[in-house]
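An overview of the molecular structure
One-letter residues, chain by chain:
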Amino acid sequence: MARAAKATTVVDEIQNYLNGVAKSLVDRLYGPNGPAWGTRLSELEATVVAIRQHLSERMLHDVLQRQAATVDERPEAFRACPSCGQAVERVPAPAPAPSTDSPPPDPRRLDTLGGAAQWHEPECYCRKCRRSFFPSVQEFGP
Ligand SMILES: [Zn+2]
């Protein structure tokens, strides 16, 4: 499992930082003496899992949003239709609405092992296939 081995290596490289983040969170949530006596393990577990979920989803959002912001600089291999290989064009973002009350475009959403990922990413369009897709995953979009 090369993917799991790579993730483990990344964690090893920043382990000291992660330990500091964990200590900071515990300090903030429970103070220097830890949780009050009588706090159930299930309550502590639920809090830790909720934090882990939030961190995972926030990191997925940030990393995918950063990549999407560089869509115009992506390598040539990511500028071709995943089906026919023809060059694609970027679907222009909708013009900004005159009113500030209008909602922003829907984010792209994916369920991942780390939770729900949400980010804004421009679509690309293949005229030959008449389909749009997201260049980050080279799969056809909605
Ligand atoms: Zn195509």
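Presented here is an overview of the structure given in this document. None of these values were measured; they are calculated from a predicted model.

This paragraph deals with the coordination of the zinc ion. Taken together, the protein ligands of the zinc ion are Cys-81 (SG), Cys-84 (SG), Cys-126 (SG) and Cys-129 (SG), with distances of 2.2 to 2.4 Å. In this structure, the zinc ion is coordinated by 4 donor atoms arranged in tetrahedral fashion, with angles at the metal of 102 to 114°. Positions of the donor residues of the zinc ion, expressed as sequence spacing, correspond to C-x2-C-x41-C-x2-C. For Cys-81, a relative accessible area of 4% translates into the label buried.

In this section: the pairing of strand 5 (residues 131-134). Two elements, strand 4 (residues 124-126) and strand 5, share 3 bridges in a ladder whose sense is antiparallel. What sits directly across from Cys-126, in strand 5, is Arg-131. In this antiparallel pair of consecutive strands, strand 4 and strand 5, the connection spans 4 residues, and Arg-130 shows a positive phi of 55°.

So, about the packing of helix 2 (residues 15-30) against helix 3 (residues 41-68). In the contact formed by helix 2 and helix 3, the axes pass within 13 Å of each other and the chain directions differ by 130°. The angle between helix 2 and helix 3 falls in the class oblique. The way helix 2 lies across helix 3 gives a crossing that is right-handed. In contact with Leu-25, Leu-29 and Tyr-30 of helix 2, helix 3 contributes Leu-44, Thr-47 and Ile-51. Across the contact of helix 2 with helix 3, the residue classes break down as 5 nonpolar, 1 polar and no charged.

This brings us to unusual backbone geometry. Of note, Arg-130 is a non-glycine position whose phi angle comes to about 55°, a positive value. By secondary structure assignment, the location of Arg-130 is in the loop between strand 4 and strand 5.

A few words on the nonpolar core. Judged by nonpolar contacts, Cys-81, Val-88, Cys-124, Cys-126 and Phe-133 together constitute the single largest core of 5 residues. Beyond its immediate stretch of four places on either side in the chain, Val-88 contacts Arg-74, Arg-79, Ala-80, Cys-81, Cys-124, Tyr-125, Cys-126 and Phe-133.

Note that Glu-121 resides in the loop between strand 3 (115-119) and strand 4. Residue classification places Glu-121 among the buried residues on the basis of a relative accessible area of 12%. Each C-alpha atom of the pair Glu-121 and Leu-64 lies 8.4 Å from the other, and the pair is 57 residues apart in sequence. Excluding residues within four positions of it along the chain, Glu-121 makes contact with Ala-68, Arg-108, Phe-134, Pro-135 and Ser-136. Polar side-chain contacts of Glu-121 include one of 2.6 Å to the side chain of Arg-108.

Moving on, we get to the pairing of strand 3. Pairing analysis gives 5 bridges linking strand 2 (residues 108-112) to strand 3, with the strands arranged antiparallel. Counted as the bridge partner of Asp-111 is Ala-116 from strand 3.

This paragraph deals with the pattern of salt bridges. On inspection of all chains with the given rule, the structure shows 5 salt bridges. When the shortest N-O distance is used, the salt bridge between Lys-23 and Asp-27 registers 3.2 Å. Of the two residues, Lys-23 and Asp-27 are both situated in helix 2; the distance of 4 residues between them amounts to about one turn of the helix. Here Asp-27 falls in the partly exposed class, since its relative accessible area comes to 37%. With its nearest N and O atoms 2.6 Å apart, the salt bridge here joins Arg-108 to Glu-121. Within this pair, whereas Arg-108 is found in strand 2, its partner Glu-121 is found in the loop between strand 3 and strand 4, the two being separated by 13 residues in sequence.

Conventions we followed
- Residue numbers restart at each chain and count upward from 1, following the sequence in its written direction.
- Local features in this predicted model are restricted to residues of pLDDT 70 or higher, and side-chain atom pairs are both shown and tallied only at a pLDDT of 80 or more, whereas totals for entire chains, interfaces and linings draw on every residue.
- Think of the side-chain values as coming from all heavy atoms in the structure, minus any hydrogens and water.
- Only nitrogen, oxygen and sulfur atoms count as donors, using a 2.8 Å cut-off from the metal that widens to 3.2 Å for Na, K and Ca. Water is left out, so coordination shells may look unfilled.
- Irregular is the label for any site that misses the other tests, which are tetrahedral for four donors with all angles between 85 and 135 degrees, and square planar for four donors or octahedral for six when opposite donors exceed 155 degrees and the remaining angles lie between 65 and 115.
- Each residue is placed in one exposure class: buried if its accessible area under a 1.4 Å probe, protein chains only, is under 20% of its type's maximum, exposed if it is over 50%, and partly exposed if it falls in between.
- Paired strands are those between which DSSP finds at least two bridges.
- Helix and strand definitions here come from DSSP, where helices need a minimum of 4 consecutive H or I residues and strands a minimum of 2 consecutive E residues; each element is numbered from the N-terminal end.
- All axes here are fitted lines through C-alpha atoms, helices being fitted over the stretch that makes contact, and every angle between N-to-C directions spans 0 to 180 degrees.
- Note on angle classes: values under 35 degrees are labelled roughly parallel, values over 145 roughly antiparallel, values of 65 to 115 roughly perpendicular, and the remainder oblique.
- If you view the pair so one helix is near and one far, a crossing is left-handed when the near helix is turned anticlockwise from the far one by less than a right angle, and right-handed when it is turned clockwise.
- By definition, residues are in contact when any of their heavy atoms lie within 4.5 Å.
- Think of it as three bins: nonpolar holds Ala, Val, Leu, Ile, Met, Phe, Trp, Tyr, Cys and Pro, charged holds Asp, Glu, Lys and Arg, and polar takes everything else, Gly as well.
- Within this scheme, the nonpolar core is defined by two criteria: the residues are buried Ala, Val, Leu, Ile, Met, Phe, Trp, Tyr or Cys, and they are joined through side-chain atoms within 4.5 Å.
- The definition of a polar contact used here is a pair of N or O atoms within 3.5 Å, where within protein one atom must be able to donate a hydrogen and the other to accept one, and adjacent residues in sequence count solely through side-chain atom pairs.
- The term salt bridge refers to a pairing of a side-chain nitrogen on Lys or Arg with a carboxyl oxygen on Asp or Glu at a separation within 4 Å.

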